[in-house]
Amino acid sequence: MSNAHGAVAYFKSSAEIVKAVKTARAKGFTEVETYTPFPIHGMDELLGLKPSIVPWATFLGGLTGFATALFLQVWTSSVDWPLNVGGKPYVSGPAFIPILFELTVLIGGLSTAGFMLALNGLPTMKPNAFDPRISDDRFALYIPFAGQKGDSGEVNTFLNTLQAEKVTFVSEPL
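Nothing here was measured: the structure is a model prediction, and the numbers come from that model. (Residues numbered from 1 in each chain as written. Predicted model: local features only at pLDDT ≥ 70, side-chain atom pairs only at ≥ 80, totals over all residues. Heavy atoms only, no water.)

1. Examining the sheet that holds strand β2 (residues 33–35)
Right, on to step 1. In spatial order, the strands read β2-β3-β1-β4; together these 4 strands make up an open sheet with antiparallel pairing. Looking at which strands have only one partner, the edges of the open sheet turn out to be β2 and β4 (166–170). Neighbouring strand axes in the sheet, compared pairwise and without regard to direction, differ in orientation by 25° on average.
Right, on to step 2. Relative to the sheet, helix α1 (residues 14–26) contacts β1 (6–11), β2 and β3 (139–144), its axis offset from that of β3 by approximately 20°. (Pairing = 2+ DSSP bridges. Helix = DSSP H or I, 4+ residues; strand = E, 2+ residues; numbered from the N terminus. Axes fitted to C-alpha atoms, helices over the stretch in contact; angles between N-to-C directions. Contact = heavy atoms within 4.5 Å.)

2. Remarks on the side chain of Ser-77
Right, on to step 1. Relative to the helices and strands, Ser-77 resides in helix α3 (residues 54–80).
Right, on to step 2. A relative accessible area of 18% means that Ser-77 is categorised as buried.
Right, on to step 3. For Ser-77, the side chain forms a polar contact with the main-chain oxygen of Gln-73, separated by 2.8 Å.
Right, on to step 4. Among residues more than four places away in sequence, those in contact with Ser-77 are Pro-82, Leu-83, Tyr-90, Val-91 and Phe-96. (Buried < 20%, exposed > 50% of the residue type's maximum accessible area, 1.4 Å probe, protein only. Polar contact = N/O pair within 3.5 Å; in protein donor to acceptor, adjacent residues only side chain to side chain.)

3. Regarding the pattern of salt bridges
Right, on to step 1. Evaluation of the coordinates by the stated rule reveals 4 salt bridges.
Right, on to step 2. The closest approach of N and O atoms between Lys-12 and Glu-165, which form a salt bridge, is 3.7 Å. Residue Lys-12 is found in the loop between β1 and α1, and its partner Glu-165 is found in the loop between α5 (152–160) and β4; the two are separated by 153 residues along the sequence.
Right, on to step 3. Lys-12 sits in the exposed class, given a relative accessible area of 58%.
Right, on to step 4. Between Arg-138 and Asp-131 there is a salt bridge; the shortest N-O distance is 1.9 Å.
Right, on to step 5. Note on Arg-138: relative accessible area 7%, which makes it buried. (Salt bridge = Lys/Arg side-chain N within 4 Å of Asp/Glu carboxyl O.)

Here you go:
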């Protein structure tokens, strides 16, 4: 317990984890994390999480793709290699639409994936400190000892009062 970084309580249902988070936040534990096999509606608000900045990464990536496609098409068709085909204009908007769309979606999607990997600290070689069943049918409430109002004993005592299936210590920082 002296080298533990936090404690985790395991629950069997989403209702139990929601109740546990509400209780933990009411007790004054500010640094609380949950691990669930599926998203739980309203959990972000219960944990006090701010809205994600990932949509902005998607928007900026899409805007970059759109601007790149537009620049390359206008530059190649009117500056670098101008061809007068049947008296049509060099810069023809309808002909550019498919490439504009495709590059907007491609760069927007790649920037979203890259930004998500960076924000989540992936890939990582750290071993998983939790029960592997969290991705199947278990729910976990993790409270780190650092930054809390109480000591490790108080956190452990609190988690044991929640009627959790199991409470364990986590020796690796997350």
